[in-house]
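Chain residues, written in single-letter form:
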Amino acid sequence: MKCSKRGCQKPAVVYQKYSGLHLCEEHLVEDVERRAKKEMRKRLMVERGDRIAVALSGGKDSSALLHLLKKIFKSRSDLKFFAVAVDEGIGGKGFEGFRAATLRNAEAVAKREGVPLYTFSFEQEFGFSVDEVAARGFEQAPCTFCGVLRRRILETKARELEATKVATAHNLDDEAQTVLINFVRGDWVRLARLEGGGGGKRRRAEFVPRIKPLRSVPEKEVALYALAVGLPLVSLVSAHCPYAARSFRHTAKKMLNEFERRHPGTKFSLVRGYERLSEFLPTAAAEQQPSKRLLRCVRCGEASASRICKACEIVERMK
Ligand code: SF4
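Here's what I pulled together on the structure shown here. Here the residue numbers are simple positions, counted from 1 along each chain's written sequence. This being a predicted model, a pLDDT of at least 70 is required before a residue's local features are given, and a value of 80 or more before pairs of side-chain atoms are given or counted; all residues contribute to the totals for chains, interfaces and linings. For the side-chain quantities, the full set of heavy atoms in the structure was used; hydrogens and water were omitted.

A look at the layout of surface pockets
Okay, so step 1: A volume near 380 Å³ is recorded for the second largest pocket.
Okay, so step 2: A cavity here means a set of points on a 1 Å grid, drawn over the protein atoms and nothing else, where a 1.4 Å probe fits but cannot get out; a pocket is an open set with protein on both sides within 12 Å along at least five of seven lines, and a residue lines either one if it has an atom within 4 Å of a point. As for the second largest pocket, its lining consists of 18 residues, of which Y18, P218, K220, E260 and K267 are closest to the centre.
Okay, so step 3: Numbering of helices and strands starts at the N terminus; helices are DSSP runs of H or I of at least 4 residues and strands are runs of E of at least 2. If you list the elements that add at least two residues to the lining of the second largest pocket, you get strand 1 (14-16), helix 7 (172-185), helix 9 (219-228), helix 10 (248-262) and helix 11 (266-278).
Okay, so step 4: It is helix 10 that contributes the most residues to the lining of the second largest pocket, 4 residues altogether.
Okay, so step 5: Here the nonpolar group is Ala, Val, Leu, Ile, Met, Phe, Trp, Tyr, Cys and Pro; Asp, Glu, Lys and Arg are the charged ones; every other residue, Gly included, is treated as polar. The class makeup of the residues in the lining of the second largest pocket is 7 nonpolar, 2 polar and 9 charged. Grid points are joined across faces, edges and corners, and a volume is the space filled by probe spheres set on the points.

This is the structure we're talking about:
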């Protein structure tokens, strides 16, 4: 099949069922960057003088994000980019273990893109790894602990490194999953906080603002983008976290992929529908749940919805 772009005779590498377009490698790269730029403009994600910490796991999404940001803003000398990686301590069956393989890739990507890479580990920060959490056999999936602690490291280290924004590689699939998960859980407060990242009106002074430039690009297209621009990628054997299949997100992912297969455009509709709804959410959530307003954790002093924050609760449980 040929590329659908006018005058282009190159073979297509992707078919966007939701738009009806076949795109060759070159036009796919153009399309992904166009969407990311649109998203960043719409939500004022990048501002003059920003110091942007890119959360780099070394996987395809975060590697693609770092490359894309460096490319789009190559002429902006007022902006500074650096990468932050987190070693959660996750092994698995890969040739050298899941996180070791992706961190090695993160180093290669950061070097290629010419940015400093700062790596922090759960072991150093909290005294235990996700493998150790998993070995305890708690009722909740390891992801519940891993997500909270990773966010904590990203937040505190970004602040220490004087970042004005943290860029994460959430793509359309991630966003649709998060919307679905929060709907299923009836968690309106989280839904109200989600919005798209970087949007001015929902920024909270307690946190370094998060931006998600890839939030309107499907996961498959982000992967093809990473391949098309020649980024070093982790082998498929070691590219998957061994605990992912135990998470609620994994179930949501499978359901949404099935919906998308039968009804192309489902993921876009879910995220766009949520965005329209979100216009009404902030005041409702704040008014109905005043108890959810942020306090300071009595242990670590970080912003928290309760007296003791989730990260300190986890550390306590592991002791
Ligand atoms: Fe952590 Fe779960 Fe992601 Fe694995 S899949 S890195 S355990 S959040």
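A word on the packing of aromatic side chains
Okay, so step 1: Whether two aromatic rings pair depends on their centres lying within 6.5 Å, for rings of Phe, Tyr and Trp, where Trp uses its six-membered ring; planes under 30 degrees apart make the pair stacked, over 60 edge-to-face, and the rest tilted. Here the structure, examined in full by the defined rule, presents 7 aromatic pairs.
Okay, so step 2: Between F122 and F126, the aromatic rings sit 5.6 Å apart at their centres with planes inclined by 85°, giving edge-to-face as the arrangement. Note that F122 and F126 are positioned in helix 4 (residues 122-126) at a spacing of 4 residues, about one turn of the helix.
Okay, so step 3: Relative accessibility decides the category of a residue: with a 1.4 Å probe and only protein chains considered, values under 20% of the type maximum give buried, values over 50% give exposed, and everything between is partly exposed. Assessed through its relative accessible area of 18%, F126 is described here as buried.
Okay, so step 4: Aromatic pair F183 and W188: ring centres 5.7 Å apart, planes at 85°, arrangement edge-to-face.
Okay, so step 5: The exposure class of F183 is partly exposed, given its relative accessible area of 34%.
Okay, so step 6: An aromatic cluster of at least three residues, connected via ring pairs, comprises F122, F126 and F128.
Okay, so step 7: Throughout this description, the term charge over a ring refers to an Arg CZ or Lys NZ atom that lies within 6 Å of the ring centre and within 35 degrees of the ring normal. When the ring centre of F138 is taken as origin, the NZ or CZ atom of R317, which lies over that ring, is 4.5 Å away.

A word on the environment of C241
Okay, so step 1: Mapping C241 onto the fold places it in the loop between helix 9 and helix 10.
Okay, so step 2: Distance in space between the C-alpha atoms of C241 and G97 is 9.2 Å, their sequence separation being 144 residues.
Okay, so step 3: Note on contacts: a residue pair is in contact if any heavy atoms of the two residues lie within 4.5 Å. Excluding residues that lie within four positions of it along the chain, C241 makes contacts with I90 and F98.

Some thoughts on the pairing of strand 3 (residues 51-55)
Regular strands place their side chains on alternate faces of the sheet.
Okay, so step 1: Here strand 3 lies mainly inside the structure; 4 of its 5 residues are buried.
Okay, so step 2: When DSSP finds at least two bridges between two strands, those strands are taken to pair. Where strand 3 lies against strand 4 (residues 80-87), 5 bridges are found, and the strand directions are parallel. Counted as the bridge partner of I52 is F81 from strand 4.
Okay, so step 3: Here the term right-handed applies to a crossover when the path leading from its first strand over the helix to its second strand runs clockwise, the strands being oriented away from the viewer. Crossover handedness for the path strand 3 to helix 2 (residues 60-72) to strand 4: right-handed.
Okay, so step 4: Two elements, strand 3 and strand 6 (residues 165-167), share 3 bridges in a ladder whose sense is parallel.

Considering the site of the ligand
Okay, so step 1: Around the ligand, the structure places I90, C143, C146, R150, C241, Y243 and A244.
Okay, so step 2: Considered class by class, the residues forming the shell around the ligand number 6 nonpolar, no polar and 1 charged. Whether a residue is near a molecule or strand is decided by its heavy atoms; if any one of them lies within 4 Å of it, the residue is near.

Quick notes on the pattern of salt bridges
Okay, so step 1: For salt bridges, the criterion is a side-chain nitrogen of Lys or Arg within 4 Å of an Asp or Glu carboxyl oxygen. Here the structure, examined in full by the defined rule, presents 29 salt bridges.
Okay, so step 2: The salt bridge involving R159 is made with E302; its shortest N-O contact spans 2.7 Å. Residue R159 is located in helix 6 (residues 142-160), and its partner E302 is located in the loop between strand 8 (295-296) and strand 9 (303-304); the two are separated by 143 residues in the primary sequence.
Okay, so step 3: Note that K212 and E175 form a salt bridge whose closest N and O atoms lie 3.0 Å from each other. Of this pair, K212 sits in the loop between strand 7 (210-211) and helix 9 while E175 sits in helix 7, and the two are 37 residues apart along the sequence. With respect to class, K212 is no different from E175; both count as buried.
Okay, so step 4: Shared partners join several salt bridges into a network, and the residues in it are E39, R43, E175, K212, R215, R272 and E275.

A few points about a nonpolar patch on the surface
Okay, so step 1: Candidates for patches are residues over 30% relative accessible area with no salt bridge; among them, like charges are joined within 9 Å and nonpolar side chains (Val, Leu, Ile, Met, Phe, Trp, Tyr) within 5 Å. Using a 1.4 Å probe, accessible areas were evaluated by the Shrake-Rupley method; residue-level cover was limited to the displayed protein chains. On the surface, F183, W188, L277 and F280 cluster together into a nonpolar patch covering about 410 Å² of accessible area.
Okay, so step 2: Within the fold, F183 resides in helix 7.

Quick notes on the sheet that holds strand 5 (residues 117-121)
Okay, so step 1: Read from one edge of the open sheet, 5 strands run 5-4-3-6-7, paired in parallel fashion. Two strands close off the open sheet at either side, each with one partner strand: strand 5 and strand 7.
Okay, so step 2: Under this scheme, a helix contributes an axis fitted over its contacting stretch, all axes are lines through C-alpha atoms, and angles between N-to-C directions fall in the 0 to 180 degree range. The strands that helix 3 (residues 98-113) touches are strand 4 and strand 5; relative to strand 4, the one it contacts most, it runs at about 165°.

A closer look at the environment of D31
Okay, so step 1: Within the fold, D31 resides in helix 1 (residues 25-42).
Okay, so step 2: Residue class for D31 comes out buried when judged on its relative accessible area of 5%.
Okay, so step 3: Along the primary structure D31 and E221 are separated by 190 residues, whereas in three dimensions their C-alpha atoms are 9.5 Å apart.
Okay, so step 4: Among all residues touching D31, those that are not within four sequence positions of it are Q16, L23 and E221.
Okay, so step 5: At 3.0 Å, the side chain of D31 forms a polar contact with the side chain of Q16.
Okay, so step 6: Side-chain polar atoms of D31 contact the side chain of R34, separated by 2.8 Å. What qualifies as a polar contact is a pair of N or O atoms within 3.5 Å, subject to a donor-acceptor requirement within protein and to the restriction that residues adjacent in sequence count only when both atoms come from side chains.

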